[in-house]
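# Understanding the architecture of this molecule
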Amino acid sequence: MRRIAPPAALLAVSLLMGWFAHRLGLGSITRPGPGFFPFWTCFGLAATSVYLMTRYLRQNPEDEASTEPEAVFTLAGYRRVLSVMAGTAIFGLLLEVSGFLATTFIFMAFCWLVIDRQSLLRGLLISAAASAAAFVLFVKLLNVHFPRGLLGF
């Protein structure tokens, strides 16, 4: 029963935060309000937590007792988390200088090549595609103004 507590807590927090985000105003898809992205993020978290709770409740109790608990906290896991946190902080610092597109590409390449250890070609292709998709979504479609950086993009 203790495996249901984390998704239940996530559901409670996401419902509460979703309510606050809704109170900020959602706007529309073409002119999102201040609560638009937080609301839909909370919606996704709530849906994920319901899925996890449903999966746990459908699981046979004998299956859970027979499996060994897996190690959750490992040194490699901590290194990955700290690497992502450091990369995110550097992303914020480089955003003004390099601009959104270049900084997003650098961050994605760091995540795919260094943290996830993908091959060079695969990591660069995924990084380029994800950066271009983020640029089109936020800058072109949603008209979000990000820093352009020294190169102008």
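Before any of the text, the structure's been laid out above.
For the structure given in this document, a descriptive report is provided here. (Residues numbered from 1 in each chain as written. Predicted model: local features only at pLDDT ≥ 70, side-chain atom pairs only at ≥ 80, totals over all residues. Heavy atoms only, no water.)

## Observations concerning the side chain of S127
With respect to the helices, strands and loops of the structure, S127 is situated in helix α6 (residues 120-141). If we skip the residues at most four places from it in the chain, S127 touches F105, M108, A109 and W112. (Helix = DSSP H or I, 4+ residues; strand = E, 2+ residues; numbered from the N terminus. Contact = heavy atoms within 4.5 Å.)

## Some remarks on the packing of helix α5 (residues 100-115) against α6
As a packed pair, α5 and α6 sit with axes 8 Å apart at the nearest point and diverge in direction by 145°. Crossing handedness for the pair α5 and α6: right-handed. Residue composition of the contact of α5 with α6, grouped by class: 17 nonpolar, 4 polar and no charged. (Axes fitted to C-alpha atoms, helices over the stretch in contact; angles between N-to-C directions. Left-handed = near helix turned anticlockwise from the far one by under 90°. Nonpolar A, V, L, I, M, F, W, Y, C, P; charged D, E, K, R; others polar.)

## Here's the deal with the environment of T88
Its place among the elements puts T88 in helix α4 (residues 75-98). Note on T88: relative accessible area 42%, which makes it partly exposed. Sequence-wise, T88 and C111 are 23 residues apart; in three dimensions their C-alpha atoms are separated by 9.9 Å. (Buried < 20%, exposed > 50% of the residue type's maximum accessible area, 1.4 Å probe, protein only.)

## With respect to the pattern of salt bridges
This structure, assessed with the given rule, holds 1 salt bridge. Close ionic contact of R80 with D116 constitutes a salt bridge, the shortest N to O distance being 3.5 Å. With a gap of 36 residues between them, R80 in helix α4 and D116 in the loop between α5 and α6 connect regions that are remote in the sequence. (Salt bridge = Lys/Arg side-chain N within 4 Å of Asp/Glu carboxyl O.)

So far we have only geometry, and geometry alone does not tell us how the molecule works.
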